[in-house]
Amino acid sequence: MAKKVTGYLKLQIPAGAANPSPPVGPALGQRGLNIMEFCKAFNEKTKDKGGFNIPVEITIYSDKSFTFVTKQPPMTDLIKKISGVKKGSDNPLKNKIGKLTKDQIMEIVDMKISDLNTDDKEQAAKIVAGSARSMGVDVEL
C-alpha cells in the first residue's frame, strides 16, 4: 500500500553544502522531518556538482518520511559559468557582457534537457539562447 503524501517542498540549496541552518532547517523542521537525514543524503547525492545551487523537490509523507528529487542547476547559473561572467547585465538590450557559441549552447542543452519541456535539442537551444539574451549575453547560433 502506498504512503499518503501530505505535501511537497521546493528548495534551492548549494550542492554538497546542506546544513540545518536556514533555509533547510526551518523548512523541514516545521514539517517534522529529520533534518540531518536529509542533509546527509542531499550532500552525498550532490557532492560532484560543487559551486551550483541545486533545486530539490521534497515529497513529504504522513509518517514523517520523505523522498527527494534533485534537478539540474538553474539555466542562469550554467550560462554564467560557461560564458565566464559574474552576473547578468543591468540593461541587457544595451550592455552586452559576454558571448556564447553554438557549441557552448549545446553543452548547456546536454546538461539541462531533462528539466526542459522539450526533447528536441534545437528547440532546447532556442530556450537557452533566450535565457542568455535576457541576461545580456550575445548568442551565436
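Residues numbered from 1 in each chain as written. Predicted model: local features only at pLDDT ≥ 70, side-chain atom pairs only at ≥ 80, totals over all residues. Heavy atoms only, no water.

Student: Can you help me understand the domain arrangement of the chain in this one?
Tutor: Interfaces are frequently sized by the accessible area removed from exposure as the parts join. Annotation of the chain at the domain level lists domain 1 (5-70) and domain 2 (75-139). Inter-centroid distance (C-alpha atoms) of domain 1 to domain 2 is 27 Å. (Domains from an automatic or database assignment.)

Student: Would you mind going over the packing of aromatic side chains with me for this structure?
Tutor: Pairs of aromatic rings are described using the distance from one ring centre to the other and the angle between the two planes. Evaluated as defined, the whole model comprises 4 aromatic pairs. With a centroid separation of 6.0 Å and an interplanar angle of 65°, the aromatic rings of F38 and F66 are classed as edge-to-face. With a gap of 28 residues between them, F38 in helix α2 (residues 35-46) and F66 in strand β3 (residues 66-70) connect regions that are remote in the sequence. There is no split in this pair, since F38 and F66 are both buried. Here the aromatic rings of F38 and F68 are separated by 5.2 Å at their centres, their planes lie at 75°, and the arrangement is edge-to-face. Taken together, the positions of F38 in helix α2 and F68 in strand β3 put the pair 30 residues apart, joining distant regions of the chain. Exposure class is identical for F38 and F68. Each is buried. (Phe/Tyr/Trp six-rings, centres within 6.5 Å; stacked < 30°, edge-to-face > 60°. Helix = DSSP H or I, 4+ residues; strand = E, 2+ residues; numbered from the N terminus. Buried < 20%, exposed > 50% of the residue type's maximum accessible area, 1.4 Å probe, protein only.)

Student: Teacher, can you tell me more about helix α4 (residues 102-112) here?
Tutor: The periodicity of an α-helix, 3.6 residues per turn, causes residues three or four positions apart to be oriented the same way. Burial in α4 covers these residues: I105, M106, I108, V109 and K112. Relative to the axis of α4, the buried residues are bounded by an arc of 160° and lie together on one face. Structurally, α4 contributes buried residues whose contacts are with α3 (75-83), β4 (98-100), α5 (121-135) and β5 (137-139). (Arc of directions from axis to C-beta. Contact = heavy atoms within 4.5 Å.)

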